[in-house]
Amino acid sequence: MTAAGAARAATGAVASGRVAWWVGPVNGLMTPAARRGRRRPESSFRALQARAARRTGLPEPADPQFLADLRVLHASFMAVQELSFIGLSGIRAELARHLSNRLRVRDLLRANPQITSAPVPRPVFVVGLPRTGTTMLHALLASAPGHRAPLLWELLDPCPQPGPGRRVRDAERLAWLAYRAAPSLRVIHPMDAWAPEECIFALPHHMAYHTRARLPGYQDWYTRRDATGDYAYLRQQLQILQWQQPPRRWILKSPFHLWHLDALLRVFPDATIVWTHRDVLTAVASWCSLAEVTRRLCNRRVDLYQLGRDWTQMWSQAVTRALRARAAAAQPFLDVSYAQLTDAPLPALEALYSSLGAELTPAVRQQISSRAPTSPAGPRAHQYSAHHYSAHHYSADRYGLTAEAIRDAFPGP
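1. Remarks on the overall build of the protein
When its secondary structure is counted, the protein shows 20 helices and five strands. When the 413 residues of the protein are sorted by exposure, 56% land in the buried category. Pairs at least 24 apart in sequence give 82% of the contacts found in the protein among residues at least 6 apart. Of the roughly 17,400 Å² of accessible surface on the protein, 57% is carried by carbon and sulfur atoms.

Now the structure itself:
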């Protein structure tokens, strides 16, 4: 790459076609509004609390520690000078959602304390670096008899309310807006209100926020804190979702659990961890491509080389922490190869299902076959097949990364 080409890539000037044409003009036009929104962070946060109280009809504030922690996240975003109008609007909506959900969860559990006495037996958490087949595996495991994964609309708003159709419409609107702003997400990371989704949507804190903006202070804070309370809150939300429902085994997933597997296993002591594996060069390069999309939506300028360095360091940190937690854990860990999952899925999944004590029915076998890379993609089945990975083009050098730099950053052979 020439020096001029490197400079264009580092400033985000290389045309990528990964976000809609109107994103840049809207962010540019609304820059003054975004700046005004950052001038008084405490006033801004109180306005979000007031919005949550109006939305829920529950004026009582959430618990002090929850508010204090969420203020850290809010202040971290307000300090980002490059945060765009879309980025500011998006994080404010996210914070308002968490504040509203916390009020509803606390109110529901006060009225129905028996909910928290129900077990969440033997959950399965699919983890591993992103772009290693976690989404496909999550959906396949959730389709087994007696299994169940939380759907996007449930994670966005876990408490039952009159007119449940509103919760679904809100999730559908979120997916629609995401596709309008970044059509490439249909290939890189499809979203569907009725599809299984990552349980980090239910967590108030996680490292996925770094896809929106560079937040080094938040990263330091998050990695030092005890995340046990976050996972206890996730457990409460799962208990609410399973309340008055037939008992089923939860199948959950997120690469972002790697940072705090120790806390996760404290809260879910009978959990099984399924860890997917893929060549780190491919996984990191593919992830940077996805992270670039969100970063372009939420920032007026993007340094692609900085993005590549940051995420290489962050995922290396996550794997190191997860390996340490794994070495100390009493719970079982099961390993799945991305190559086996895509090249010969049936034998790999037969072994995995057997280890989990799950039933591999003819219907599930058919789903496995339909999601193979060579299969035609239906309107929803393609979302969890390996087909969409082949349509996603990316390269490490776009982010200033080399194979040696990536592989040297990660522990292990």
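2. Quick word on helix α4 (residues 41-56)
Taking 1.5 Å of rise per residue, 16 residues should cover 22 Å, and α4 covers 23 Å from first to last C-alpha, within 8% of that figure. Those residues of α4 lying buried are Ser44, Phe45, Leu48, Ala52 and Thr56. An end-on view of α4 places all buried positions within 105 degrees of arc, on one side of the element. A positive backbone phi angle near 70 degrees is found at Gly57, which sits one or two residues after α4.

3. Examining the side chain of Gln331
Here Gln331 lies in the loop between α15 (304-328) and β5 (333-337). Residue Gln331 is classed as buried on the basis of its relative accessible area, which comes to 14%. Looking at Gln331, its side chain comes within polar contact range of the main-chain oxygen of Leu265, at 3.3 Å. Within polar-contact distance, the side chain of Gln331 engages the backbone oxygen of Pro269 at 3.2 Å. When near neighbours in sequence (up to four residues on either side) are disregarded, Gln331 contacts Leu265, Phe268, Pro269 and Ala271.

4. Considering the environment of Leu99
Along the chain, the position of Leu99 falls in helix α6 (residues 85-111). On the accessibility criterion, Leu99 (3% relative accessible area) is buried. Discounting chain neighbours no more than four positions away, the residues touching Leu99 are Phe45, Leu48, Gln49, Ala52, Phe66, Leu67 and Leu70.

5. Details of the packing of helix α14 (residues 280-298) against α15
Relative to each other, α14 and α15 sit at 125 degrees, their axes nearing to 10 Å. The angle between α14 and α15 places the two elements in the oblique class. Every pair of crossing elements has a handedness; the one defined by α14 and α15 is right-handed. Along the contact surface, α14 presents Val284, Trp287, Cys288, Ala291, Glu292, Arg295 and Arg296, while α15 presents Leu304, Leu307, Gly308, Trp311, Thr312 and Trp315. When its residues are assigned to classes, the contact of α14 with α15 shows eight nonpolar, two polar and three charged.

6. Looking at the packing of helix α5 (residues 64-78) against α6
A pair of packed helices is characterised by two quantities: the angle between their axes and the separation of those axes. Where α5 meets α6, the axes come as close as 11 Å, and the angle between the chain directions of the two elements is 175 degrees. Comparing the axis directions of α5 and α6 gives the class roughly antiparallel. Here Phe66, Leu67, Leu70, Leu73, His74, Phe77 and Met78 of α5 come into contact with α6, specifically with Leu88, Ile91, Leu95, His98, Leu99 and Arg102. When its residues are assigned to classes, the contact of α5 with α6 shows ten nonpolar, two polar and one charged.

7. Here we look at the confidence of the model for the protein
On average, residues of the protein carry a pLDDT of 87, and 85% of them reach 70 or more. Scored below 50 in pLDDT, residues 1-17 shows 24 contacts in the model against residues more than four places distant or in partner chains. Within the model, the stretch residues 374-390 combines pLDDT values under 50 with 36 contacts to residues more than four positions away or in other chains.

8. What about the packing of aromatic side chains?
For the structure on display, the rule yields 15 aromatic pairs. Measuring from ring centre to ring centre gives 6.1 Å for Phe77 and Tyr209, while their planes differ by 85 degrees; the resulting arrangement is edge-to-face. Here Phe77 is found in helix α5, whereas its partner Tyr209 is found in the loop between α10 (185-188) and α11 (216-224), with 132 residues between them in sequence. Judged by relative accessible area, which is 0%, Tyr209 ranks as buried. Seen from their ring centres, Tyr218 and Tyr222 are 6.2 Å apart, and the 20 degrees between their planes marks the pair as stacked. In this pair, Tyr218 and Tyr222 are both assigned in helix α11, four residues apart and thus about one turn of the helix distant. Aromatic ring contacts, followed pair by pair, group Phe77, Tyr209, Tyr218, Trp221 and Tyr222 into a single cluster. The lysine or arginine in question, Arg102, covers the ring of Tyr233, its NZ or CZ lying 4.5 Å from the ring centre. The cationic tip of Arg278 hangs over the ring face of Tyr338; the distance from NZ or CZ to the ring centre is 3.9 Å.

9. As for the pattern of salt bridges
The full count for this structure, using the stated rule, is 25 salt bridges. Between Glu292 and Arg296 there is a salt bridge whose closest N-O contact spans 2.7 Å. Residue Glu292 and its partner Arg296 are both found in helix α14; the two are separated by four residues, about one turn of the helix. Accessibility assignment for this pair places Glu292 and Arg296 in one class, buried. The partner of Asp335 in a salt bridge is Arg326, and the shortest N-O contact between them spans 2.8 Å. According to the relative accessible area criterion, Asp335 is partly exposed, its value standing at 45%.

10. Concerning unusual backbone geometry
A positive phi angle is found at Arg131, which is not glycine, with a value near 70 degrees. Mapped onto the secondary structure, Arg131 falls in the loop between β1 (124-128) and α7 (134-142).

11. Notes on the sheet that holds strand β4 (residues 272-277)
The five strands are arranged β2-β3-β1-β4-β5 in an open sheet whose pairing can be described as parallel. Since the sheet does not close on itself, it has two edges, and those belong to β2 (147-148) and β5, each with one partner.

Rules of the game
Residues numbered from 1 in each chain as written. Predicted model: local features only at pLDDT ≥ 70, side-chain atom pairs only at ≥ 80, totals over all residues. Heavy atoms only, no water. Helix = DSSP H or I, 4+ residues; strand = E, 2+ residues; numbered from the N terminus. Buried < 20%, exposed > 50% of the residue type's maximum accessible area, 1.4 Å probe, protein only. Contact = heavy atoms within 4.5 Å. Areas by Shrake-Rupley, 256 points an atom, 1.4 Å probe, with all protein chains shown as cover. Expected span 1.5 Å × (residues − 1). Arc of directions from axis to C-beta. Polar contact = N/O pair within 3.5 Å; in protein donor to acceptor, adjacent residues only side chain to side chain. Axes fitted to C-alpha atoms, helices over the stretch in contact; angles between N-to-C directions. Parallel < 35°, antiparallel > 145°, perpendicular 65-115°, else oblique. Left-handed = near helix turned anticlockwise from the far one by under 90°. Nonpolar A, V, L, I, M, F, W, Y, C, P; charged D, E, K, R; others polar. pLDDT = per-residue confidence, 0-100. Phe/Tyr/Trp six-rings, centres within 6.5 Å; stacked < 30°, edge-to-face > 60°. Lys NZ or Arg CZ within 6 Å of the ring centre and 35° of its normal. Salt bridge = Lys/Arg side-chain N within 4 Å of Asp/Glu carboxyl O. Pairing = 2+ DSSP bridges.

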